[in-house]
Amino acid sequence: MQGRRVVVTGMGCVSPLGNSVESSWSAAVSGKSGVSLITRFDAAEFPVRFGGGIKNFDADVLFGKKESRKMDAFIQYGVASSIEAFEDAGLHEYEFDSDRAGVAFGSGIGGIESIERNHDVYNASGHRRVSPFFIPSALVNMLSGHVSMRLTLKGPNVAISTACATGIHNVGYAARAIAYGDSDIMLSGAGEMCTTQLGLSGFCSSRALSTRNDSPEEASRPWDKDRDGFVLSDGAATLVLEEYEHAKSRNAPIYAEVVGFGMSGDAHHITAPPEDGEGGQRAMIAALKDSDLDPSDISYINAHATSTLLGDKAEAAAVQSVFGASLSGLLMSSTKSMTGHLLGAAGALESVFCVKALQEKIAPPTINLCSSDVEGIDLVEGKAKGFEGRAVMNNSFGFGGTNASLIFAECD
């Protein structure tokens, strides 16, 4: 990455696997599923009755009843993950220049639950009963706003929303803001909460979701010949990015370096990728070029692979094309087999998993993969695998044909 060096100094998450980085990562490495029947509302009449919901999360305890009422759940998850990351980076004990610290935090859809709830109020009681906090609780950028206000971050404050590529785009933008000198510290990531009645209805109508109601934990099965759609999930994740010398000067923990970021557009279809994953190829190639690394330098890819027929095959084809002769030394898995698909927040959570994988030199598995339709790539079937190497890649591809790739490397 051109310009100043950018490192990861803190991480936080709220996921279907746990409400912290350590609990989520431990479950992922162990191959545990976080998918279960929906309990947030009565889903008995829906064709899909399960998802990757967040468990044991009490916003009133974390923020107080008055404050939590001002936030949609996607904001609550994002703020909670940001507090964990901020503390993990030791910033709560360090007097940083708030004008040089910013936020890049988005959401794919935003406050759909707030929209549902206030529309119900409007229909039942009229416009005067709609909450004055309705609009601020639903806006995508209010997640970055709340993080900025709570942690006194007065630098860049942006919220990129690019469907399922949202998380990586925000982390990548944040890295470049530091590399280009706009900021010294950036909290970056994404949050999502779409397992609502309206959210589930929309995805059910598009026939994008798995319908394995009798075995929810086995429903997300990337690259498996019997996959029948993805699992709708919720959560948030945050990475604290910091300029290398700034991090060193305060003896911050340095987990990894952001060395490459690539983007592309398919210009093909609103939801389906080209069969050969040509757009994804260009995003990965751009990230490799930005990092000055060769395909052979990448030891692990956390794939976008959501458990859809077209998407999984297209990404595998793209990886085969880009990595070619280097495939024999490459591991690739989809942690969505355990978390389900967090939509806009997926890339942020998977970036956390990439950094943990690089730290511990272990690739989390792809579970529920009984009969693969991909040849020539080690998909880490069923059980985590160790690896040697100093760089890993994360892919996210979103509706509208928007693609993003990030590369993390060990920091010398």
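First, a word on what this report is: a plain description of the structure on this page.

Cut-offs applied
Residues numbered from 1 in each chain as written. Predicted model: local features only at pLDDT ≥ 70, side-chain atom pairs only at ≥ 80, totals over all residues. Heavy atoms only, no water. 1 Å grid on protein atoms, 1.4 Å probe; cavity = no way out; pocket = protein on both sides within 12 Å on 5 of 7 lines; lining within 4 Å. Points joined across faces, edges and corners; volume = space filled by probe spheres on them. Helix = DSSP H or I, 4+ residues; strand = E, 2+ residues; numbered from the N terminus. Nonpolar A, V, L, I, M, F, W, Y, C, P; charged D, E, K, R; others polar. Expected span 1.5 Å × (residues − 1). Buried < 20%, exposed > 50% of the residue type's maximum accessible area, 1.4 Å probe, protein only. Polar contact = N/O pair within 3.5 Å; in protein donor to acceptor, adjacent residues only side chain to side chain. Salt bridge = Lys/Arg side-chain N within 4 Å of Asp/Glu carboxyl O. Pairing = 2+ DSSP bridges. Contact = heavy atoms within 4.5 Å. Axes fitted to C-alpha atoms, helices over the stretch in contact; angles between N-to-C directions.

To continue, consider the layout of surface pockets. In this model, the largest pocket occupies a volume close to 680 Å³. Every residue lining the largest pocket is counted, 35 residues in all, and those nearest its centre are Thr-271, Pro-273, Thr-308, Gly-311 and Phe-399. Those elements giving two or more residues to the lining of the largest pocket turn out to be helix H12 (309–323) and strand E13 (391–398). When residues in the lining of the largest pocket are grouped by element, the largest group, 7 residues, is from H12. Taken together, the residues of the lining of the largest pocket sort by class into 14 nonpolar, 15 polar and 6 charged. Of the voids in this model, the second largest pocket is the one considered here, and its volume is about 400 Å³. Together, 25 residues line the second largest pocket, and Ser-68, Met-71, Gln-76, Glu-113 and Arg-117 are the ones closest to its centre. For the lining of the second largest pocket, the secondary-structure elements that each account for two or more residues are helix H2 (59–63), helix H4 (73–88), helix H5 (112–125) and helix H6 (134–138).

Quick reminder: α-helices carry 3.6 residues per turn. Residues three or four places apart thus point the same way. In this model, H4 (16 residues) spans 23 Å end to end at C-alpha, consistent with the 22 Å of a helix rising 1.5 Å per residue. By the burial criterion, the buried members of H4 are Ala-73, Phe-74, Ile-75, Gln-76, Tyr-77, Gly-78, Val-79, Ala-80, Ser-81, Ser-82, Ala-85 and Phe-86. The backbone nitrogen of Phe-74 lies 3.2 Å from a side-chain oxygen of the residue at the head of H4, namely Asp-72. Residue Gly-90 follows H4 closely and has a positive phi angle near 75°.

On to the pattern of salt bridges, then. When their charged atoms lie close together, side chains carrying opposite charge are able to pair. Under the criterion given, the structure shown has 20 salt bridges. Here Arg-212 makes a salt bridge to Asp-228, at a shortest N to O gap of 3.6 Å. Highlighted residues: Arg-212 in the loop between helix H9 (197–205) and strand E7 (235–243) and Asp-228 in the loop between H9 and E7, separated in sequence by 16 residues. Note that Asp-312 and Arg-227 form a salt bridge whose closest N and O atoms lie 3.3 Å from each other. One end of the pair, Asp-312, is in helix H12; the other, Arg-227, is in the loop between H9 and E7, and 85 residues separate them in sequence.

The strands making up a sheet associate through hydrogen bonds between their backbones, and the pairing can be parallel or antiparallel. With mixed pairing, the 10 strands of this open sheet are ordered in space as E5-E4-E6-E7-E1-E8-E14-E13-E9-E10. Each having just a single partner strand, strand E5 (157–158) and strand E10 (331–333) make up the two edges of the open sheet. The sheet contact formed by strand E4 (residues 101–106) and strand E6 (residues 185–192) spans 6 bridges and is parallel. Each bridged residue has a counterpart across the sheet, and for Gly-106 the counterpart in E6 is Ala-190. Sheet strands touched by H4: strand E1 (6–14), E4, E6 and E7. Its angle to E1, the strand with the most contacts, is close to 135°.

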